[in-house]
Amino acid sequence: QGNDQSMRKRRRKKRYFLRAMLFLLAAALVAAGFYLYPAWRAAKALQDKMGLPYGSFEMELELDREELSQGQEKMLGTLARLTGIQEEAMYRLSIRGKIQEDKAHLKIYPDGRTEPLVELYLGNDTNVINETMLYNAIRTNLTEQFGLLKFLMPAQEETLYISLEQVEQLFGIDLSGLHGFDLSALTRKIRAEEYFLVLAVMSRERQGERYRFALDTGQAGLGFEVQAGTGYEAVGIELEVPDLPKALAHGRKLSSLLGSWKPGEELKIVKSFSMALTWSEDGTITIPTNLVDQGTIETISGIRAWIQETFG
């Protein structure tokens with residue numbers, strides 16, 4: 001009888017222990033649910049926002065001069081001499097623009113400039129550059145050096161555009177790598193589950209009605225900002241990669257295990273970059289069709305050839 005009582009006591013202790021463990025597990029799951037709930041709501045908000053067709057971004061990047069092709073380096077050097085901008089400034093660029101599904105509108109600022117030097121529209125079928133903006137920048141610089149050119153290069157008032165083929169003629173270079181530019185990588189839809197897996201391991205800070213999620217991997221810094229309030233609405237994404245070659249090397253090691261991510265070779269010319277992306281409900285991009293006449297292109301390319309032959 002004593003043994004039976006002892007066994008019953010042990011069974012009761014086990015039941016109490018199991019109940020306590022189940023209670024603690026349930027409490028932990030509830031606590032985890034409360035903690036992760038904002039991350040899941042934020043992931044859903046990010047998925048919804050990425051479904052919108054319009055977005056704006058600002059980017060800072062530095063080009064790796066040693067990785068540029070001869071044609072790319074020649075174009076930047078020629079552009080620097082024609083516009084009077086320091087050549088080193090051409091390798092540190094600020095880019096501001098908008099994205100609409102398969103189109104992009106970009107303005108490019110060399111380091112230290114408050115006005116854009118290049119404006120371009122990119123699409124899967126058509127790519128054009130603001131010729132008037134570039135022409136007037138070149139004209140201003142050259143006419144200050146060579147007064148006679150004022151008669152050969154009249155100022156342009158009407159905004160006209162040129163195709164990539166005309167840019168190739170203008171600078172005497174090959175830009176075949178930019179033809180058929182594909183924006184599909186920028187517009188790939190990301191599911192809420194994918195966002196959640198990232199947000200769940202990120203640090204989180206609440207600032208008033210906004211959540212800021214952040215993650216620093218050593219090779220890159222990633223941040224998401226989400227408006228909370230009565231509902232959840234994604235505000236924007238920030239990405240910073242201070243050493244892109246190192247980050248890409250790390251990515252290739254991961255891709256050998258995951259068999260998925262394959263960074264493009266064209267990224268090797270970028271040394272570092274940072275980007276902030278926000279969304280909007282509207283902002284339709286229309287690629288211009290008013291192209292400059294071929295005579296103007298031939299005039300500028302002739303002047304460019306003369307300067308190169310005369311002054312090296």
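Figured I'd write up the structure that's included with this text. (Residues numbered from 1 in each chain as written. Predicted model: local features only at pLDDT ≥ 70, side-chain atom pairs only at ≥ 80, totals over all residues. Heavy atoms only, no water.)

## What about the nonpolar core?
Membership of the largest hydrophobic core comes to 68 residues, with the highest contact counts inside it found for Leu199 and Phe213. Those residues within four positions of Phe213 in sequence are excluded, and the remaining contacts are Pro38, Ala39, Ala42, Leu199, Met202, Ser203, Arg204, Leu222, Gly223, Phe224 and Val226. In this structure, Tyr121, Val128, Tyr161 and Ile287 belong to the second largest nonpolar core, which totals 5 residues. (Core = buried A, V, L, I, M, F, W, Y, C linked by side-chain atoms within 4.5 Å. Buried < 20%, exposed > 50% of the residue type's maximum accessible area, 1.4 Å probe, protein only. Contact = heavy atoms within 4.5 Å.)

## Looking at helix H6 (residues 192-199)
For H6, the full list of buried residues reads Ala192, Tyr195 and Leu199. For H6, the arc enclosing every buried residue in end-on projection is 65°, short of the 170-degree limit, so these residues lie on one face. (Helix = DSSP H or I, 4+ residues; strand = E, 2+ residues; numbered from the N terminus. Arc of directions from axis to C-beta.)

## What about the side chain of Thr78?
With respect to the helices, strands and loops of the structure, Thr78 is situated in helix H2 (residues 70-83). Here the side chain of Thr78 touches Lys74 through a polar contact of 2.8 Å, landing on its backbone oxygen. Not counting chain neighbours up to four residues away, the residues in contact with Thr78 comprise Phe171, Arg304 and Gln308. (Polar contact = N/O pair within 3.5 Å; in protein donor to acceptor, adjacent residues only side chain to side chain.)

## Details of the sheet that holds strand E2 (residues 92-100)
Within a sheet, neighbouring strands are paired by backbone hydrogen bonds and run either parallel or antiparallel to one another. The 11 strands lie next to each other as E6-E5-E4-E3-E2-E1-E11-E10-E9-E8-E7, forming an open sheet whose pairing is antiparallel. This sheet does not close on itself; its edge strands, each paired only once, are strand E6 (161-163) and strand E7 (203-207). Strand-to-strand twist in this sheet, taken as the mean axis angle between neighbours without regard to direction, amounts to 20°. Examined bridge by bridge, strand E4 (residues 118-123) and strand E5 (residues 127-130) share 3 bridges and lie antiparallel to one another. Residue pairing for E5: Leu120 is matched across the bridge by Ile129. Its contacts with the sheet put H6 on strand E8 (210-216), strand E9 (221-227) and strand E10 (233-241), and the angle it makes with E9 is roughly 115°. (Pairing = 2+ DSSP bridges. Axes fitted to C-alpha atoms, helices over the stretch in contact; angles between N-to-C directions.)

## Quick word on the environment of Ala80
With respect to the element layout, Ala80 can be found in helix H2. Discounting residues that sit within four places of it in the chain, Ala80 has contacts with Ile85, Gln86, Glu87 and Met90.

## Quick look at the pairing of E8
Bridge count between E7 and E8: 5 bridges; the pairing is antiparallel. Bridging across to E8, Arg206 finds its partner in Tyr211. Between E7 and E8, which follow one another and run antiparallel, lie 2 residues, and Gly208 among them has a positive phi close to 65°. Strand direction decides the pairing type here: E8 and E9, joined by 7 bridges, are antiparallel. If you follow Leu215 over to E9, its bridge partner there is Leu222. Remark: 4 residues form the turn of the hairpin made by E8 and E9, two consecutive strands paired antiparallel; Gly218 in that turn has positive phi of roughly 95°.

## Some points on the pattern of salt bridges
In this structure the tally under the stated criterion is 9 salt bridges. With a closest N to O distance of 3.8 Å, Glu62 and Lys271 form a salt bridge. Note that Glu62 is positioned in strand E1 (residues 54-63) and Lys271 in strand E11 (residues 270-280), a separation of 209 residues in sequence. By relative accessible area, Glu62 is classed as partly exposed at 26%. (Salt bridge = Lys/Arg side-chain N within 4 Å of Asp/Glu carboxyl O.)

## Comments concerning the packing of aromatic side chains
If you walk through the whole model with that rule in mind, you get 3 aromatic pairs. Between Tyr195 and Phe224, the ring centres sit 5.9 Å apart and the planes meet at 90°, which makes this aromatic pair edge-to-face. Of this pair, Tyr195 sits in helix H6 while Phe224 sits in strand E9, and the two are 29 residues apart along the sequence. Given the relative accessible area of 5%, Phe224 is considered buried. Ring plane angle 35° and centroid distance 6.2 Å describe the contact between Tyr211 and Phe213, whose orientation is recorded as tilted. Comparing Tyr211 with Phe213 shows no difference in burial state: the two are buried. Lying over the aromatic face of Tyr109, Arg96 brings its terminal NZ or CZ to 4.4 Å of the ring centre. (Phe/Tyr/Trp six-rings, centres within 6.5 Å; stacked < 30°, edge-to-face > 60°. Lys NZ or Arg CZ within 6 Å of the ring centre and 35° of its normal.)

The values reported here are purely geometric and, on their own, carry no functional implication.
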